[in-house]
Amino acid sequence: SQADDGIRVLVRSRGLGDESRHQAEGDESLIQESTGAYERARALDPEFAEAHYAAANRYYLNMNPTVFGMSTASAPMDESLRLFLERVDAAIAVTRDPNRAAFYRAQRADATGRLGEAARNLRTYAAAYPLDAQGWSDLAKFEVYRGDYAAGRVATRRIEALIN
């Protein structure tokens, strides 16, 4: 089925786009190839929220100058933001999981400078998925950015508990 094909493409692209593999091999084409695979997964199954988000994340990384070598290309910031928003909005629209939608909305809020909204959505997500270290990590980051260091420490302690 198209959904199965989309899942297979996404799983393969996850391996291609793995940050550690890319950094170890120093092969920029892995990032380009994984981005193309994410886009193919979106086209194969327009209802596949995670494929939309994976593609969106490539453009999010392109907007972040601190993420070395993980960009999709040298797309201008405004173009990367437009492509990110288009894809993350598609993920939000089709996901059946309201808590995963909260995670996607948090990433969207971050990209558009609404850190309070990002933190609120991540609190919702982290409550639903307490074993997801990435959710807690993002929450800790946004709480600190907002100046709520106590809340940032709480989220950081949750991450420590998960990895220890």
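Before reading on, note that the structure itself is shown above.
So, a few notes on the structure that sits alongside this text. Since the model is a prediction, treat every value here as computed from it, not as a measurement. (Residues numbered from 1 in each chain as written. Predicted model: local features only at pLDDT ≥ 70, side-chain atom pairs only at ≥ 80, totals over all residues. Heavy atoms only, no water.)

1. Some remarks on the side chain of Asp-138
Under the convention used in this document: A run of DSSP states H or I qualifies as a helix once it reaches four residues; a run of E qualifies as a strand once it reaches two. Both are numbered from the N-terminal end. Each residue gets one of three labels from its accessible area relative to the maximum for its type: buried under 20%, exposed over 50%, partly exposed in between, using a 1.4 Å probe on protein chains only. Working convention for charge: Lys and Arg count positive, Asp and Glu count negative, and His plus the chain ends are omitted. The term salt bridge refers to a side-chain nitrogen of Lys or Arg lying within 4 Å of a carboxyl oxygen of Asp or Glu. Contacts were defined at the residue level, with two residues in contact if any of their heavy atoms lie within 4.5 Å.
Its location among the elements puts Asp-138 in helix α8 (residues 133-145). Look at Asp-138: it is buried, it has no salt bridge, and the nearest opposite charge is Lys-141 at 4.1 Å. Leave out the neighbours within four places in its chain, and Asp-138 touches Phe-103, Gln-107 and Leu-122.

2. Brief notes about the packing of helix α7 (residues 115-128) against α8
Put simply, the test is: All axes here are fitted lines through C-alpha atoms, helices being fitted over the stretch that makes contact, and every angle between N-to-C directions spans 0 to 180 degrees. Our angle categories are set so that under 35 degrees counts as roughly parallel, over 145 as roughly antiparallel, 65 to 115 as roughly perpendicular, and the remainder as oblique. Left-handed is the label given to a crossing in which the near helix is rotated counterclockwise from the far helix by less than a right angle, and right-handed is the label when the rotation is clockwise. As a working rule, the residues Ala, Val, Leu, Ile, Met, Phe, Trp, Tyr, Cys and Pro are called nonpolar, Asp, Glu, Lys and Arg charged, and the rest polar, with Gly in that last group.
Where α7 meets α8, the closest approach of the two axes is 9 Å, and the angle between their N-to-C directions is 150°. For the element pair α7 / α8, the angle class is roughly antiparallel. Crossing angle aside, the handedness with which α7 passes α8 is left-handed. Contacts from Leu-115, Ala-118, Ala-119, Leu-122, Arg-123, Tyr-125 and Ala-126 in α7 reach Gly-135, Trp-136, Asp-138, Leu-139, Phe-142, Glu-143 and Tyr-145 in α8. Residue composition of the contact of α7 with α8, by class: 10 nonpolar, one polar and three charged.

3. Some remarks on a nonpolar patch on the surface
Condition: By definition, no residue in a patch forms a salt bridge, and every one has over 30% relative accessible area; like charges are joined within 9 Å, nonpolar side chains (Val, Leu, Ile, Met, Phe, Trp, Tyr) within 5 Å. Computed by Shrake-Rupley with a 1.4 Å probe, the accessible areas treat only the displayed protein chains as cover when residues are assessed.
A contiguous nonpolar surface patch, about 330 Å² in accessible area, is contributed by Leu-131, Leu-162 and Ile-163. Looking at where Leu-162 falls in the secondary structure, it is placed in helix α9 (residues 149-163).

4. What about α7?
Stated formally: Helix span, expected: 1.5 Å multiplied by one less than the number of residues in the helix. Comment: arc refers to directions from the helix axis out to C-beta atoms.
Between its first and last C-alpha, α7 extends 20 Å over 14 residues, near the 20 Å set by a 1.5 Å rise per residue. Taken together, the buried positions of α7 are Ala-118, Ala-119, Asn-121, Leu-122, Tyr-125 and Ala-126. Along α7, the residues classed as buried sweep out an arc of 170° about the axis, all on the same side. In this fold, the buried residues of α7 make contact with α6 (98-111) and α8.

5. Structural notes on the packing of helix α4 (residues 49-62) against α6
At their nearest, the axes of α4 and α6 sit 12 Å apart, and the two run at 20° to each other. One way to sum up the angle between α4 and α6 is to call them roughly parallel. Relative to α6, the crossing made by α4 is left-handed. Contact residues: Ala-49, Glu-50, Tyr-53 and Tyr-60 in α4; Arg-100, Phe-103, Tyr-104, Gln-107, Asp-110 and Ala-111 in α6. Residues belonging to the contact of α4 with α6 are distributed by class as follows: six nonpolar, one polar and three charged.

6. With respect to the packing of aromatic side chains
As a reminder of what qualifies: By convention, a stacked pair of Phe, Tyr or Trp rings (six-membered ring in the case of Trp) has centres within 6.5 Å and planes under 30 degrees apart, an edge-to-face pair has planes over 60 apart, and any other such pair is tilted. Charges are assigned to positions over rings by a cutoff of 6 Å between ring centre and Lys NZ or Arg CZ, combined with an angular limit of 35 degrees from the ring normal.
All chains considered together, the criterion is met by seven aromatic pairs. Ring centres of Tyr-60 and Phe-84 lie 5.7 Å apart, and the angle between their planes is 45°; on these two criteria the pair is classed as tilted. Of this pair, Tyr-60 sits in helix α4 while Phe-84 sits in helix α5 (residues 77-94), and the two are 24 residues apart along the sequence. A residue is classified by how much of its surface remains accessible, and Tyr-60, at 12% relative accessible area, is buried. Taking relative accessible area as the criterion, Phe-84 reaches 1% and is therefore assigned buried. Between Phe-142 and Tyr-145, the aromatic rings sit 6.3 Å apart at their centres with planes inclined by 75°, giving edge-to-face as the arrangement. A residue pair is termed a helical-turn pair when its members lie 3 or 4 positions apart in one helix, as Phe-142 and Tyr-145 do in helix α8 at three residues. You can call Tyr-145 exposed: its relative accessible area is 53%. In this arrangement the basic side chain of Arg-100 is found over the ring face of Tyr-53, its NZ or CZ atom lying 5.7 Å from the centre.

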